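An overview of the molecular structure
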Amino acid sequence: MTTIRSLIFLAAAILAVSACTRPQNPAPEKGVSFALNQYRKQHIDSIRYQIELDIPAGKVGKIMGKESIAFHLNALDSALVLDFNVDASHLQEVRVNGEKGDYQFVNEHIVIDVKHLNKGKNEVGIDFVAGDLSLNRSEDYLYTLFVPDRASTCFPLFDQPNLKASYQLTLKTPEGWEAVSNGKLRAKTVENGKNVYRFGETKPVSSYLFAFAAGKFFKETRMVDGREMTMYYRETDTTKVNRNRDEVFQLHAKSLAWLEDYTAIDYPFGKFDFVLLPSFQYGGMEHPGAIFYNEPALFLDENASVNRRMARASVIAHESAHMWFGDLVTMDWFNDVWLKEVFANFMAAKIVHPSFPEINHELRFLLAHYPNAYEVDRTAGTNPILQQLDNLKNAGTLYGAIIYMKAPIVMRQLERKIGESMMQESLREYLKTYAFGNARWDDLISIIDKRSPEDITAWSNVWVKTPGMPEYGIEAGKLVQLKDSAPGRIWEQPLVLKTMANGRLVFPDNDGTGYGYFKMDTASKAWFFARYGNAEASDPVFKGAMLVNSWEGLLRGDGPEPEKMLNYILNILPKEQNPLLVDYLLGNLQSNWWIFLNAAQRAAYQTLVESEIWQLLNSTKDKGIQTSYFRAFKALALTDDGWQKMHGLWTGKLEVKGLVLSEEDKISLAYELALKAKDDGKAILDSQLNATKNPDRKARMQFVIPALSASEAERDAFFETLKKEENREKEAWVLDALTYLHHPLRAQSALKYLRPSLDLLQEIQLTGDIFFPTRWLHNTFAGHSSPEAAQIAQAFLKEHPDYPYFLKNKILQATDLLDRSVKLSVTYAQKEHSPALSQQ
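For the structure given in this document, a descriptive report is provided here. (Residues numbered from 1 in each chain as written. Predicted model: local features only at pLDDT ≥ 70, side-chain atom pairs only at ≥ 80, totals over all residues. Heavy atoms only, no water.)

**Considering the pattern of salt bridges**
Applicable threshold: Salt bridges are counted wherever a side-chain nitrogen of Lys or Arg sits within 4 Å of a carboxyl oxygen of Asp or Glu. A helix here means a DSSP run of H or I that spans at least four residues, while a strand means a run of E at least two residues long, and both kinds are numbered starting from the N terminus. Any residue under 20% of the maximum accessible area for its type is buried, any over 50% is exposed, and the rest in between are partly exposed; the area is computed with a 1.4 Å probe on protein chains only.
The full count for this structure, using the stated rule, is 57 salt bridges. Of the charged contacts, one joins Asp301 and Lys240 as a salt bridge, the two residues approaching to 3.1 Å between their closest N and O atoms. Remark: Lys240 occurs in helix α3 (residues 238-263) and Asp301 occurs in the loop between α4 (295-298) and α5 (306-322); sequence separation between them is 61 residues. Look at Lys240 and you get buried, because its relative accessible area is 3%. Several salt bridges share partner residues, and in doing so they unite Glu235, Lys240, Asp301, Glu663, Glu664 and Arg697 into one network.

This is the structure we're talking about:
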C-alpha cells in the first residue's frame with residue numbers, strides 16, 4: 001500500500017510540473033483553424049499593437065522588430081495562441097505582463113501557458129526578427145501584402161479578420177527612404193543615420209489590412225475638395241506622370257464623395273494616401289489610409305483606349321469602395337471574402353458610369369463579367385460564390401472569377417429583384433449596424449428579408465451557395481432550363497428571347513442579362529454573322545450577347561467550328577467600331593487561333609490574318625482601337641513580312657499614323673521579335689535592355705530574357721531556378737516568363753515543364769500571394785493544346801486522388817480549354833469524315 005501511494009504522489013507531481021511547461025490544450029495546427037478562430041473571437045478583445053521595425057538598406061539584411069500586444073482576456077481555460085509563421089530562430093524574447101515568460105513555439109504559433117495570464121488586461125512583449133515572405137523586398141524599396149493570413153509571416157499577432165485591432169507603427173529606414181502606413185505620420189526624425197517614422201494609432205482594422213511601404217519613392221501631396229491626399233510612386237517618366245497625375249487625384253476624390261453620399265457615412269479612416277508599385281501583384285489592395293496599386297494601371301500610355309481609362313477609374317472606385325465595404329465592415333471569416341469584393345465592384349460601377357457617357361455600360365457589364373465567369377463556371381472545377389473554409393491557410397484559394405465576375409452578376413439580379421431604393425437602405429443599415437466590426441452574407445440577407453416580400457433566402461441558396469451555371473434550350477418558341485447537375489435546382493431569373501422570320505430565327509438572351517449557356521441553332525447563328533452590323537443586328541448589347549452565346553457554343557461543340565469562327569470574326573471586325581466589341585472579338589480571335597486551330601489551319605490563314613489586322617491597324621481613327629489592333633498584330637504576326645513590320649515599329653523606321661509606342665510597348669515588341677526570330681534574337685533583347693531607362697522595367701526584363709532564349713537548354717535551366725522560392729518573389733516577372741516558356745510556338749519543348757509545375761503547386765500556394773497559384777497554372781497551360789499536355793494534367797490528378805480540393809479545382813479550371821481543344825479536334829475530325837455529322 002505504501003509503495004502504491006508513493007507512486008500516485010509521484011505521478012501527480014510529474015503532471016503538475018508538466019502543466020507549467022506545456023499548454024493545457026492540444027497543440028494548434030498550422031494556420032488558423034476555424035476552431036481556433038472561434039475560440040479567440042469569443043475570449044479576446046480590445047487588442048492594440050505597438051510595432052517597431054528597423055529596416056536595413058538592401059534586400060537581404062535582417063529586419064529587427066519589437067512589439068507590444070495589449071488585449072483583454074475573459075477566460076483562463078486555455079493557453080494563449082499567437083500566430084507567427086516563421087521558424088523558431090526568429091523569436092528572441094517573449095515577455096508576458098512585464099516578466100520574461102515561458103512559451104512554446106508549435107506549428108507556427110507562440111503558445112503561452114495560462115499561468116502567465118490575467119483575466120482582464122494583458123500585455124505581451126516580443127523581440128523578433130521579421131519574416132520576409134510578405135515584405136516584397138527589393139534593393140531600394142519594400143511593401144507589405146498581408147492578405148489573407150500573411151501578417152503572421154512578418155510579426156506575431158492574432159491573425160484572423162474578426163479580431164480587429166488598432167496598430168501603432170514605428171519604422172526605422174535608411175536615409176533617403178520614404179515611408180507610409182495606415183496611420184497618419186506623427187513625427188519624422190533622424191537617429192543614428194536613419195530616418196525614423198512614427199505613425200499614429202489606427203482605427204480598429206483586420207490584420208490583413210495593416211500595411212506599410214518604405215523606400216525610394218517620389219511623392220506628391222494634394223488638397224482635393226478639402227481632403228488631403230498623398231501619392232507615392234516610382235515611375236521615372238515625368239511626362240507620363242504629368243499626363244496622369246491630376247486625373248488620378250480627381251478620380252479618388254470623386255469616388256470618396258460619391259460613397260459618402262450613398263452610404264450616409266463619412267470616410268471612416270481619417271487620412272488617405274495611396275502607393276503606386278511597379279510590379280504589384282493585384283490591380284489594387286484596399287489598406288485603409290494607404291491603398292496600394294499596380295502602377296501601370298494608373299499611369300496610362302498616351303494612346304490608352306477608353307477601356308483602359310475606364311478600367312483605371314474602376315479600380316480606383318473599387319478600392320475606394322472597400323473603405324466601407326471590407327474595411328469598415330469586414331467579413332467574419334474568409335469564406336465570406338466574396339462579400340467585400342462584390343460590393344466593391346458593385347459600387348465601382350455606379351461611381352464610374354456617369355463619367356463615361358460614351359460607353360454602353362450594359363454592354364461593358366456583359367463583356368467584362370459574363371465571359372470571365374463562364375470561364376470558370378463551365379469547368380469541372382467550379383465552385384459556389386460562398387465557399388467552405390476550414391483553415392485560413394487555404395483562404396487564398398477562394399479567390400477567382402466566381403467572386404469577382406459571377407458575384408456582381410448575382411448582385412445586380414438582387415438589386416433588380418428588390419429595387420435600388422431598398423438595396424441602398426439595406427446597405428446603409430448593414431454598414432451602421434456592423435461598423436468597425438464583422439458580418440456575414442446571411443446578416444445582410446436577414447436585413448433585406450425583413451424589408452422585402454420576396455423569399456431572398458431561397459434565391460440566395462441557389463445563386464450564392466451552389467456551384468455551376470444553368471443551361472437553356474428552346475422548346476416551342478420558349479426558353480427552358482435543361483437538365484441540371486443538381487436535380488430539382490431552379491435558377492430563378494428573368495429570361496428573354498428575340499424571334500425573327502416568323503419564329504424560324506431565335507436569339508436567346510438577346511438583352512445579355514441572363515446567366516448561363518443559351519444554346520443557339522445553326523441557322524440563327526449563320527444569320528447573325530451574315531447580317532452583323534445591319535439594321536436588324538446593330539444593337540451593341542444584342543451583338544455582344546450573341547457573340548458570347550456563339551463562343552460558348554464553339555467551346556461546347558455546338559458550333560461554329562473554329563475555322564468557321566475565324567472567318568466570321570475576320571468578316572465582322574471591319575464593320576465594328578465599338579471598342580468594347582473590338583476588344584472582345586480580338587480576344588476570341590487569338591484564343592481560337594492558338595488553342596483551337598491546328599498548325600495546318602494557322603499556316604493556311606497566316607498571311608490573310610496578318611494582312612487584315614495590319615490594314616485595320618492602319619485605317620482606324622480611334623487611338624484606343626488602334627492600340628488593340630497593334631497588340632493583336634504583335635501577338636499573331638509570324639511571316640517574314642509580319643516580322644519585318646514589327647521590327648520596323650520597334651526601331652522606329654516604320655511608323656503607323658497615330659500610333660504612339662511606350663517603353664513597355666517597345667519591350668513587348670522585342671520579346672515577340674526574339675521569340676519569332678530565325679536567329680537567336682539575343683541582339684534584339686540586349687539592344688532593348690540597354691535602351692530601357694526605367695530601372696524597375698530593366699530589372700524585370702533581365703529576369704524574363706532567359707525564358708525567351710533560342711537555346712532549349714538555357715530555357716530548361718531557367719525553369720529549374722523557378723523551383724526555388726526566392727526566384728519566385730517577383731510574381732509578375734515569373735508570370736511574364738511563363739508566358740514565353742509555354743508560348744504555343746514552344747509548347748512541344750515545354751511539355752517537360754508541366755509535371756514539375758504541378759508538383760510545385762502546393763508550395764506555391766503556401767509561399768505565393770492569393771492569385772499566384774491560379775495565374776501560375778493559367779500561364780503554364782494556356783499555351784498548350786496537345787493531347788500530351790492534357791494527359792499530363794489528368795495523370796497528375798489520377799495519381800493524387802486525395803489532392804487538396806481547392807487546388808484540384810484550380811487545375812481543372814486551368815486545363816478546361818486544353819481539354820476542350822483536344823475533344824473538339826476529335827469531334828470536328830469525325831464530322832469531316834461523316835457527312836451526316838457535319839450537317840448537324
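Next, the rest of the story.
**Observations regarding the pairing of strand β25 (residues 505-508)**
Successive residues of a regular strand alternate their side chains across the two faces of the sheet. Put simply, the test is: When DSSP finds two or more bridges between a pair of strands, those strands are recorded as paired.
The two faces of β25 match: Leu505 and Phe507 on one face and Val506 and Pro508 on the other face are all buried. Looking at chain direction, strand β24 (residues 497-500) and β25 are connected through 4 bridges and run antiparallel. By the bridge assignment, Lys498 is partnered in β25 with Phe507. In this antiparallel pair of consecutive strands, β24 and β25, the connection spans 4 residues, and Ala501 shows a positive phi of 55°.

**Details of the sheet that holds strand β9 (residues 141-143)**
We count it as follows: Interaxial angle, 0 to 180 degrees, is taken between N-to-C directions of lines fitted to C-alpha atoms, where a helix line uses only the stretch in contact.
Taken in spatial order, the 3 strands line up as β9-β14-β11 in an open sheet, and their pairing is antiparallel. Since the sheet does not close on itself, it has two edges, and those belong to β9 and β11 (178-181), each with one partner. The average undirected angle you get between the axes of adjacent strands in this sheet is 5°. Note: β9 against strand β14 (residues 212-215), 3 bridges, orientation antiparallel. Within the sheet, the bridge partner assigned to Tyr143 lies in β14 and is Ala213.

**A short note on the pairing of strand β15 (residues 218-224)**
Direction of pairing for β15 relative to strand β16 (residues 227-233): antiparallel, over a ladder of 7 bridges. Along β16, the bridge assignment pairs Phe218 with Tyr233. Where β15 hands over to β16, the hairpin turn is made up of 2 residues, of which Asp225 adopts a positive phi near 50°.

**What to know about the packing of aromatic side chains**
Just so we agree on the cut-off: When two rings of Phe, Tyr or Trp (its six-membered ring) have centres within 6.5 Å they constitute a pair, described as stacked for plane angles under 30 degrees, edge-to-face for angles over 60, and tilted for the intermediate range. Geometrically, a lysine NZ or arginine CZ counts as sitting over a ring once it is within 6 Å of the ring centre and also within 35 degrees of the ring normal.
The tally for this structure, following the rule as stated, stands at 58 aromatic pairs. With a centroid separation of 5.9 Å and an interplanar angle of 80°, the aromatic rings of Phe269 and Phe436 are classed as edge-to-face. Linking Phe269 in the loop between α3 and β17 (272-277) with Phe436 in the loop between α9 (420-433) and β21 (437-439), this pair joins segments that are 167 residues apart in sequence. Assessed through its relative accessible area of 9%, Phe269 is described here as buried. One aromatic cluster is present, built from ring pairs that chain together Tyr141, Tyr143, Phe217, Phe280, Tyr282, Phe292, Tyr399, Tyr404 and Phe771. Geometry around Phe542 places Lys498 over its ring, the cationic atom sitting 4.5 Å from the centre. Taking the ring centre of Trp733 as reference, the NZ or CZ of Lys730 above it sits at 5.6 Å.

**Focus: the layout of surface pockets**
Rules: A pocket, in this scheme, is an open set of points on a 1 Å grid over the protein atoms alone with protein on both sides within 12 Å along at least 5 of 7 lines, while a cavity is a set where a 1.4 Å probe fits but cannot get out; residues line either one if an atom lies within 4 Å of a point. Grid points are joined across faces, edges and corners, and a volume is the space filled by probe spheres set on the points.
Space inside the second largest pocket adds up to approximately 550 Å³. Secondary-structure elements contributing two or more residues to the lining of the second largest pocket are β9, α23 (731-741) and α25 (761-767).

**Section: the packing of α9 against helix α10 (residues 441-451)**
In plain terms, the rule: An angle below 35 degrees is read as roughly parallel, one above 145 as roughly antiparallel, one from 65 to 115 as roughly perpendicular, and any other as oblique. Here a crossing is taken to be left-handed if its near helix is turned anticlockwise relative to the far helix by less than a right angle, and right-handed if that turn runs clockwise. In this description, contact between two residues means that some pair of their heavy atoms is separated by no more than 4.5 Å. Under this grouping Gly is polar, as are all residues other than the nonpolar Ala, Val, Leu, Ile, Met, Phe, Trp, Tyr, Cys and Pro and the charged Asp, Glu, Lys and Arg.
The interhelical angle for the contact between α9 and α10, taken along N-to-C directions, is 135°, at an axis separation of 10 Å. Looking at the two axes, α9 sits oblique to α10. Our pair here, α9 against α10, has a crossing hand that is right-handed. Two secondary-structure elements touch here, α9 through Met422, Glu425, Ser426, Leu427, Glu429 and Tyr430 and α10 through Leu444, Ile447, Ile448, Lys450 and Arg451. The residue inventory of the contact of α9 with α10, partitioned by class, reads 6 nonpolar, 1 polar and 4 charged.

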